Amino acid sequence: MLSDFQNKHIDELININKQIIALKSKWSGPVEVTLDFDDSVVTLHGHQKGSEVGYNPRYHGQPSFKVKVCFIGSSDELVHLNLYSGDVHSNGEFIPFFQTCLDLLSHNYVAKRLRLDKGFFDEDNFKKFESLYLEYVCKAPLKENIRKFILSIPEKDWQDIDEYTSVTSKEFILKTWEKPRRFVIRRVKIDKDTP
């Protein structure tokens, strides 16, 4: 469906959605909300204005759009969505998108925490959230430096959840970061013979 949208359709959808959220908010007091952020690739079979060839996990080399979305976690209400050229990275133009989402919240919705996919794993984003005193959790890409950090955690620091799953929580600083941040790590045995 999104592949048939143009920017004017997105604007219409945002305006209608904003009115619905505003009407709903009249019936409730102040509410702390969790905002969920995600993005997706919308593949086009043909060329549409504004689309470009970018990262596409399924259809390599096809023109696409990148769509960023924000939902209210508890109710799945759409806060905002925006189409970007397919060559825009998940994290590309995220801060302006994030700020627009905050601006579009109804007057009685107070953003308390954020949940983000690994495409938004970036210290600039985290510093922005921290400056606004927002709680956040973001998936981390399992890059080599993070993998080495996980492998260095002593066995005594892991807590078993069941016979296959264990968790731990540690502070870690990436080389380019200004300060350490807490990582919550879950490890899962693939089968009984995996140590």
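Residues numbered from 1 in each chain as written. Predicted model: local features only at pLDDT ≥ 70, side-chain atom pairs only at ≥ 80, totals over all residues. Heavy atoms only, no water.

A few words on the packing of aromatic side chains. What the rule picks out here adds up to 18 aromatic pairs. Aromatic pair Phe-121 and Phe-126: ring centres 5.4 Å apart, planes at 80 degrees, arrangement edge-to-face. Residue classification places Phe-121 among the buried residues on the basis of a relative accessible area of 16%. A residue is classified by how much of its surface remains accessible, and Phe-126, at 3% relative accessible area, is buried. Pairing Trp-177 with Phe-183 gives two aromatic rings, centres 6.1 Å apart and planes at 25 degrees, and the pair type is stacked. Assessed through its relative accessible area of 9%, Phe-183 is described here as buried. In this structure, Arg-181 is placed above the aromatic ring of Trp-177, and the distance from its NZ or CZ to the ring centre is 5.0 Å. We note Arg-187 situated over the ring of Trp-158; from NZ or CZ to the ring centre the distance is 4.2 Å. (Phe/Tyr/Trp six-rings, centres within 6.5 Å; stacked < 30°, edge-to-face > 60°. Buried < 20%, exposed > 50% of the residue type's maximum accessible area, 1.4 Å probe, protein only. Lys NZ or Arg CZ within 6 Å of the ring centre and 35° of its normal.)

Once that is clear, we can look at helix H4 (residues 144-151). An α-helix turns once per 3.6 residues; consequently, residues spaced three or four apart project the same way. The set of residues buried in H4 consists of Ile-146, Phe-149 and Ile-150. Seen along its axis, H4 keeps its buried residues to an arc of 100 degrees; they face one direction. Exposed positions of H4 whose direction lies more than 90 degrees from the buried face are Lys-148 and Leu-151. (Helix = DSSP H or I, 4+ residues; strand = E, 2+ residues; numbered from the N terminus. Arc of directions from axis to C-beta.)

We now examine the pairing of strand S6 (residues 135-138). Relative to S6, strand S5 (residues 109-116) is paired through four bridges, and the arrangement is parallel. When the bridges of S6 are listed, Leu-114 appears paired with Tyr-136. Between the parallel pair S5 and S6, the chain is carried across by helix H3 (residues 123-131), and the sense of this crossover is right-handed. (Pairing = 2+ DSSP bridges. Right-handed = clockwise from strand over helix to strand, strands pointing away.)

Applying the stated criterion across every chain, the model contains 11 salt bridges. A salt bridge links Arg-113 to Glu-135; the nearest nitrogen and oxygen atoms lie 3.1 Å apart. With a gap of 22 residues between them, Arg-113 in strand S5 and Glu-135 in strand S6 connect regions that are remote in the sequence. Classification of Arg-113 by relative accessible area gives partly exposed; the value is 31%. One network of salt bridges, in which partners are shared, links Glu-123, Glu-130, Lys-179 and Arg-181. (Salt bridge = Lys/Arg side-chain N within 4 Å of Asp/Glu carboxyl O.)

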